[in-house]
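# Observations on chain architecture
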Amino acid sequence: MNEVGLLENYLLVGALLVGLGLIGFFSRRNMIVMFLSAEMMLQGVSVSLVAWGRYHNDWGGQALVIFILTVAACEAAIALALVVAIYQRSGSLDIAFWHDLREDNLPAYADQEIPEVAGETPHHWPTLTPSGTEPEHNTEEETHRAMV
Amino acid sequence: MTLDALVRNPLTWGTLLFAVGIWLLLPRGATRGWWLGLVITLVSLGLFASRMPALGDWASTGTFGFLAAVTVIAAVMTITLKNPVYCAIWFALSLLGTAGLFMLQGSQFLGVATIVVYAGAILVTFLFVLMLANPEGHASYDRLSWEAPLSAITGAFMVGVLTFALVGVFNPPDAFDTKFSTVEIDRTGEILAGEHMAHLGGQLFSRHLVAVELAGTLLLVAMVGCVAIVAEAKSRRGQPASRKRQRPKSASREPQRPELRAGEALR
């Protein structure tokens, strides 16, 4: 097998993964997808490291990838704990909820109006014929329910 | 490098088309142009691949091409799809492709570890949180991106710099192309030999022993940190002030819970 060619091809794949992860981390607003993108960047680096290790006939590349796996596991655990904590406060996975952490002199984030997706018409849930006497409604419970 | 050479270089056009295609693919609110973005992205990936050398025989080239295509296309889908659950599943496919690439390099342990640790543990936990938090899908913040054109240009610029450096290093234009290509390393040795795990473990626990200890400490600290964060959030949960904060406009446009609708219909 052409060793230099193999290394070059692997480095291209690693570069593409890192670039795609960068784009995803910059542009997506869902916190989970942002962390998926960060993991993708780590994968790109891992691919490059393994290729270099093979090229130089050295175990250092693979050992470093094992440490990358360790760090990725730690990162995922802490990130998920943070996401769950943030979700309990804000009720959504939108990172834009935290735009009030900005500096004082920056303008507030204005959400863009987007058209509703076609085919996402409101559902018509089935109804039952009322029978018996209607119980008293507890409006307090209906309106103060948690989001999920 | 002159302007003429730059224009005739397929990598330049690959980088430009990559930016345009990813911008068209990213969720922008409008659904127009998705297929066009996919075609443009695939063309740009083909342009990137056209400058890469063949691997010798057709079997290894075909295997590598298939695995690389699976990895990269699944990665594109991961960052561009609107439904986060589909994002996670495409990311799992990308991880499988990466594991195959590791196997092709002869690092069997890393291939298996990637599948077990990433796809088996981390990704399933992500999916678990996703299902817990957002069972309805189609949230408005999934259909919009931050500054999609700018981030697409930034990422494509980075890919362009890396690939230009790659081609410049490995295929230099003139005289000194003896640097990389002809350095002969003895590759009959250990990394492709048998007893893979024995060698890898031996390296790990001799040359990288301190790093292994540090990694263990890091795992412990991360675990303690997780417990601390969750305990903190739990103690905070009862306070009503935290929940009454004003939510951004996008969150208020989410569809209502079906339970409430059913309750209204009953009334």
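Everything here concerns the structure above.
Residues numbered from 1 in each chain as written. Chains lettered and ligands numbered in written order. Predicted model: local features only at pLDDT ≥ 70, side-chain atom pairs only at ≥ 80, totals over all residues. Heavy atoms only, no water.

Before going further, it helps to spend a moment on the overall build of chain A. Counting secondary structure elements, chain A contains four helices and zero strands. In chain A, the succession of helices and strands from N to C terminus is α-α-α-α. Split into buried and exposed, the 148 residues of chain A put 51% on the buried side. Residue pairs at least 24 apart in sequence account for 63% of intrachain contacts in chain A once pairs closer than 6 positions are excluded. Total accessible area computed for chain A in this model is approximately 7,100 Å², and 62% of it derives from carbon and sulfur atoms. (Helix = DSSP H or I, 4+ residues; strand = E, 2+ residues; numbered from the N terminus. Buried < 20%, exposed > 50% of the residue type's maximum accessible area, 1.4 Å probe, protein only. Contact = heavy atoms within 4.5 Å. Areas by Shrake-Rupley, 256 points an atom, 1.4 Å probe, with all protein chains shown as cover.)

Let us look at the overall build of chain B. A count of helices and strands for chain B gives 13 helices and zero strands. Starting at the N terminus, the α and β elements of chain B follow one another as α-α-α-α-α-α-α-α-α-α-α-α-α. The burial tally for chain B puts 39% of its 267 residues in the buried class. Sequence-distant contacts, at least 24 apart, represent 66% of the contacts inside chain B between residues at least 6 apart. Approximately 14,500 Å² of chain B is accessible, and the part contributed by carbon and sulfur atoms is 70%.

Here the focus is the nonpolar core. Nonpolar side chains tend to gather and get buried jointly when the protein is soluble and globular. Membership of the largest hydrophobic core comes to 83 residues, with the highest contact counts inside it found for A:Leu16, A:Leu20, A:Ile32, A:Leu93, B:Phe18, B:Ile22 and B:Phe48. Here this core takes eleven residues from helix H1 (residues 3-27) of chain A, the largest share from any one element. Excluding its chain neighbours within four sequence positions, the residues that come into contact with B:Phe48 are A:Leu12, A:Leu16, B:Leu11, B:Gly14, B:Thr15, B:Phe18, B:Val159 and B:Thr163. (Core = buried A, V, L, I, M, F, W, Y, C linked by side-chain atoms within 4.5 Å.)

Across the boundary between the two partners, chain B contributes 118 residues, which contact 99 residues of chain A. Both sides of the chain B and chain A interface together cover about 10,500 Å² of buried area, and 71% of this is carbon and sulfur. Across the pair B:Arg207 and A:Asp58 runs a salt bridge whose closest N-O atoms are separated by 3.4 Å. Run the count over chain B and chain A and you get eight residue pairs in polar contact (both at pLDDT 80 or more). For the side of chain B that touches chain A, the leading source of residues is helix H6 (residues 108-133) of chain B, giving 14 residues. (Buried area = accessible area lost by both parts, 1.4 Å probe. Salt bridge = Lys/Arg side-chain N within 4 Å of Asp/Glu carboxyl O. Polar contact = N/O pair within 3.5 Å; in protein donor to acceptor, adjacent residues only side chain to side chain.)

Residue and element names in this part refer to chain A. With 26 residues, helix H2 (residues 31-56) should reach 38 Å at 1.5 Å per residue; the first-to-last C-alpha distance of 38 Å fits that figure. The buried fraction of H2 amounts to 19 of the 26 residues, a majority that puts the element mostly inside the structure. Looking at where H2 begins, the residue whose side-chain oxygen comes 3.1 Å from the main-chain nitrogen of isoleucine 32 is asparagine 30. One or two steps after H2, the chain reaches asparagine 57, where phi turns positive at roughly 55°. (Expected span 1.5 Å × (residues − 1).)

Moving on, we get to H6(B). Side chains of residues three or four places apart in an α-helix project in the same direction, reflecting 3.6 residues per turn. Look at H6(B): 36 Å from first C-alpha to last across 26 residues, which is about the 38 Å you get at 1.5 Å a residue. The principal kink in H6(B), of about 30°, is found at B:Leu123. Residues of H6(B) that are buried include every one of B:Leu110, B:Gly111, B:Ala113, B:Thr114, B:Tyr118, B:Ala119, B:Ile122, B:Leu123, B:Phe126, B:Val129, B:Leu130 and B:Ala133, and no others. If you follow the buried residues of H6(B), they end up packed against H2 and helix H3 (60-90) of chain A together with helix H5 (84-104) of chain B. (Bend = angle between axes of the 7 residues up to and from the residue.)

So, about the packing of aromatic side chains. Under the definition given, this model contains five aromatic pairs over all chains. Taken together, a centroid distance of 6.1 Å and an interplanar angle of 75° make the contact between B:Phe18 and B:Phe48 edge-to-face. Of this pair, B:Phe18 sits in helix H2 (residues 10-25) while B:Phe48 sits in helix H3 (residues 34-50), placing them 30 residues apart in sequence. Neither residue differs from the other here; B:Phe18 and B:Phe48 are each classed as buried. Directly above the aromatic system of B:Trp146 lies the positively charged group of A:Arg29, at a separation of 5.2 Å from the ring centroid. It is B:Arg28 that lies over the ring of B:Trp23; its NZ or CZ is 5.5 Å from the centre. (Phe/Tyr/Trp six-rings, centres within 6.5 Å; stacked < 30°, edge-to-face > 60°. Lys NZ or Arg CZ within 6 Å of the ring centre and 35° of its normal.)

Non-glycine residue A:Asn57 carries a positive phi angle of around 55°. Mapped onto the fold, A:Asn57 is located in the loop between H2 and H3. At B:Glu147, a residue that is not glycine, the phi angle is positive and equals roughly 45°. Tracing the backbone shows B:Glu147 in the loop between H6 and helix H7 (148-170). B:Glu147 sits in the exposed class, given a relative accessible area of 54%.

Next up on the list: empty space enclosed by the protein. All names here are of chain B. Throughout the structure, instances matching the rule amount to two cavities of 30 Å³ or more. When its volume is computed, the second largest cavity comes out at roughly 30 Å³. In terms of lining residues, the second largest cavity is bounded by Leu38, Thr41, Leu42, Leu45, Ile73, Val76 and Met77. Counting residues per element, the ones that place at least two in the lining of the second largest cavity are H3 and helix H4 (58-80). Per element, the largest residue contribution to the lining of the second largest cavity is four residues, and it comes from H3. In terms of residue class, the lining of the second largest cavity is built from six nonpolar, one polar and no charged. (1 Å grid on protein atoms, 1.4 Å probe; cavity = no way out; pocket = protein on both sides within 12 Å on 5 of 7 lines; lining within 4 Å. Points joined across faces, edges and corners; volume = space filled by probe spheres on them. Nonpolar A, V, L, I, M, F, W, Y, C, P; charged D, E, K, R; others polar.)

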